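A closer look at the structure
Chain by chain, the residues run as shown.
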Amino acid sequence: MIVSKGGAMGTSSEVLSLMQSIFANVSDAILVIDQEGRIVKANAALEQMTGWTEEELIRDKHICELCLGMATCMEETSCADCFFKRVQMPSFEMRLRTKSGVDYPVAASSARLEDESQGKLVMILRDMSAQQRVEKERYQYKLTNFAIQAQEEERKRIARELHDGVGQALYSILVGLNVVRQRELSEPVMQHVAELVNMTSKAMEEVKRMALELRPSALDDLGLLPALRSLMKRVEKTFHIQVELHVQGEKRRYSAAMETALYRIVQEAMTNTAKYAKASHLGIMFENREKEIVVTIVDDGVGFEVEKTLKIGKGLGVFGMKERAQLLGGTVDIRSAPEEGTTVIVRIPVPKEGVEDEHSCLDRR
Ligand SMILES: Nc1ncnc2c1ncn2[C@@H]1O[C@H](COP(=O)(O)OP(=O)(O)O)[C@@H](O)[C@H]1O
Ligand SMILES: [Mg+2]
């Protein structure tokens, strides 16, 4: 240690008191271990991290009682290869055991104090649980985003295949049947052909409906509102529910990711109304506000107990709605009670002008 009398570093007692103050006040845990692995010194940060007092740690804790395993950035390391046997271990990960039984990850380093310290080992530990949690959340977010994008791409592909492949083939059959119809045919054959024409038309309608449901091309070509209008018409026709759409604020196009998410959320809310609500009216209010889009979907149906229903594991659709909104920094709030109808409120923030939101890679094709 560099100690000069009265120099820039101060006297030896000043240096000592500085060292003691650092030891006591740093947020990283510092501990000293003797050659047998017993803890001989621990600072306040270690007390806070483990929940044991310095006295308890020094009296009866061996380093192995605090360590639940270690790993370097290269490998998982076994106890036989413990940091304790090494002279220096500049960086490794350790799972720290605490008094409450909960363990958490710490970034650790260790160094052997030679000379006067009879080979004692000093360790520095930093709590990494918050950082790991953030990393995990970031990874989860990326994964969900990726899965949703992949799903949309796949839906687009299948919709296109249905439209261009099966749809075109059925159309050719229909044209062919109409040619056959022009010929002079016996009455039973004519009847048979008429039936085939009818069946083929129905199959074409079905393919068109499936392609639209998978991914309406209007969403990519014309935008969210035309796509929603066509969805509304289909719901009205199929389920005999009166649907109304009100739009407030300046109409504009949003990023593909935002339009897709909003479309899917409204689609799920409308499908739920059609499936469960026994409603006669469904209202959609679309507000283009300066900083956010708010979409409110209201039905006058039977309603349900939201928390109870979601708690018992029903609610994959609701979960998906929330997840899509969360990915864009937004929320989905569901208000409902038996016999009181259901209101779904979706809020998605609009990214600032010129700032491409990171989700817009879901391109319009
Ligand atoms: N508008 C609604 N009216 C009445 N009940 C609803 C409505 N929306 C959702 N629910 C109830 O909430 C449950 C969960 O909905 P959801 O998450 O979309 O799951 P899923 O549609 O797959 O059953 C439904 O099973 C239904 O009981
Ligand atoms: Mg649903």
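Residues numbered from 1 in each chain as written. Chains lettered and ligands numbered in written order. Predicted model: local features only at pLDDT ≥ 70, side-chain atom pairs only at ≥ 80, totals over all residues. Heavy atoms only, no water.

What to know about the coordination of the magnesium ion (ligand 2)
Defined as follows: Shown as donors are all N, O and S atoms within 2.8 Å of a metal ion, widened to 3.2 Å for Na, K and Ca; because water is not in the atom set, sites may appear incomplete. The numbering of helices and of strands both runs from the N terminus, where a helix is a DSSP run of H or I of at least 4 residues and a strand a run of E of at least 2. Summary of the burial criterion: residues with accessible area below 20% of their type's maximum are buried, those above 50% are exposed, and those between are partly exposed, where the area comes from a 1.4 Å probe applied to protein chains only.
Around the magnesium ion (ligand 2), the protein contributes the donor atoms Glu268 (OE) and Asn272 (OD1), which lie 2.0 to 2.2 Å from the metal centre. Pair noted here: Glu268 and Asn272 are both in helix H9 (residues 256-277), with a separation of 4 residues, about one helical turn. Residue Glu268 is classed as partly exposed on the basis of its relative accessible area of 24%. Look at Asn272 and you get buried, because its relative accessible area is 19%.

Brief notes about helix H5 (residues 129-182)
Rules: Given the number of residues in a helix, its expected span is that number minus one, multiplied by 1.5 Å. Two axes are fitted around each residue, one to the seven residues ending there and one to the seven starting there, and the angle between them is reported as the bend at that residue.
When the terminal C-alpha atoms of H5 are compared, their 77 Å separation across 54 residues agrees well with the 80 Å that a helix rising 1.5 Å per residue should span. Gly167 marks where H5 bends most, by close to 30°.

Concerning the environment of Val87
We apply this condition: Contacts are assigned to residue pairs that have any heavy atoms within 4.5 Å of one another.
Relative to the helices and strands, Val87 resides in the loop between strand S4 (76-77) and strand S5 (88-97). Between the alpha carbons of Val87 and Val102 there is a distance of 29 Å; along the sequence they are 15 residues apart. With residues up to four places along the chain from it excluded, the contact list for Val87 reads Ala111, Arg112, Glu114 and Leu121.

A closer look at the site of ligand 1
Just so we agree on the cut-off: The criterion for a residue being near a molecule or strand is simple. One of its heavy atoms has to lie within 4 Å of it. The definition of a polar contact used here is a pair of N or O atoms within 3.5 Å, where within protein one atom must be able to donate a hydrogen and the other to accept one, and adjacent residues in sequence count solely through side-chain atom pairs. Per-residue and other accessible areas were derived by the Shrake-Rupley procedure at a 1.4 Å probe size, with only the shown protein chains allowed to occlude residues. Residue classes follow a fixed rule: Ala, Val, Leu, Ile, Met, Phe, Trp, Tyr, Cys and Pro count as nonpolar, while Asp, Glu, Lys and Arg count as charged, and any other residue, Gly among them, counts as polar.
Within the structure, ligand 1 sits among 16 residues, and Glu268, Asn272, Tyr276, Gly315 and Val318 are positioned closest to it. One nitrogen or oxygen atom from the side chain of Glu268 is found 2.8 Å from an oxygen atom belonging to ligand 1. Relative to its unbound accessible area of 540 Å², ligand 1 is 84% covered by the protein chains. Counting residues per element, the ones that place at least two in the shell around ligand 1 are H9 and helix H11 (316-327). Here the shell around ligand 1 gets 6 residues from one element, more than from any other, and that element is H9. Among the residues making up the shell around ligand 1, the classes are represented as 5 nonpolar, 7 polar and 4 charged.

Quick word on the UniProt feature "binding site: [4Fe-4S] cluster" (unreviewed entry) in the protein chain
Note the following rule: UniProt positions are given in the numbering used here, feature names are shortened, and annotations may be inferred rather than shown by experiment.
Mapped onto this structure's residue numbering, the UniProt feature "binding site: [4Fe-4S] cluster" (unreviewed entry) falls at Cys64, Cys67, Cys79 and Cys82. Spanning 19 residues, the named residues nonetheless gather at one spot, since no C-alpha pair among them exceeds 10.2 Å. Structurally, Cys67 can be placed in strand S3 (residues 67-71). Ignoring anything within four residues of it in the chain, the contact list for Cys67 reads Phe83, Met94 and Arg95. Positionally, Cys79 belongs in the loop between S4 and S5.

Looking at the sheet that holds strand S10 (residues 292-299)
Here is the rule: By the convention used here, strands pair only if DSSP detects at least 2 bridges between them. Fitting a line to C-alpha atoms yields each axis, with helices limited to the stretch in contact; the angle taken between N-to-C directions then spans 0 to 180 degrees.
Judged by pairing direction, the sheet is mixed, and its 5 strands sit side by side in the order S8-S9-S10-S12-S11 without closing on themselves. In this open sheet, the two strands that pair with only one neighbour each are strand S8 (242-248) and strand S11 (331-336). For this sheet the average axis-to-axis angle between neighbouring strands, irrespective of direction, equals 10°. As paired strands, S8 and strand S9 (residues 281-288) are joined by 7 bridges and run parallel to one another. Paired with His246 across the strands is Met285, a residue of S9. Where helix H8 (residues 224-239) meets the sheet, its contacts fall on S8 and S9, and the angle it forms with S8 comes to roughly 165°. Contacts between H11 and the sheet are confined to S11 and strand S12 (342-349), with S11 contributing the most and set at about 145° to the helix.

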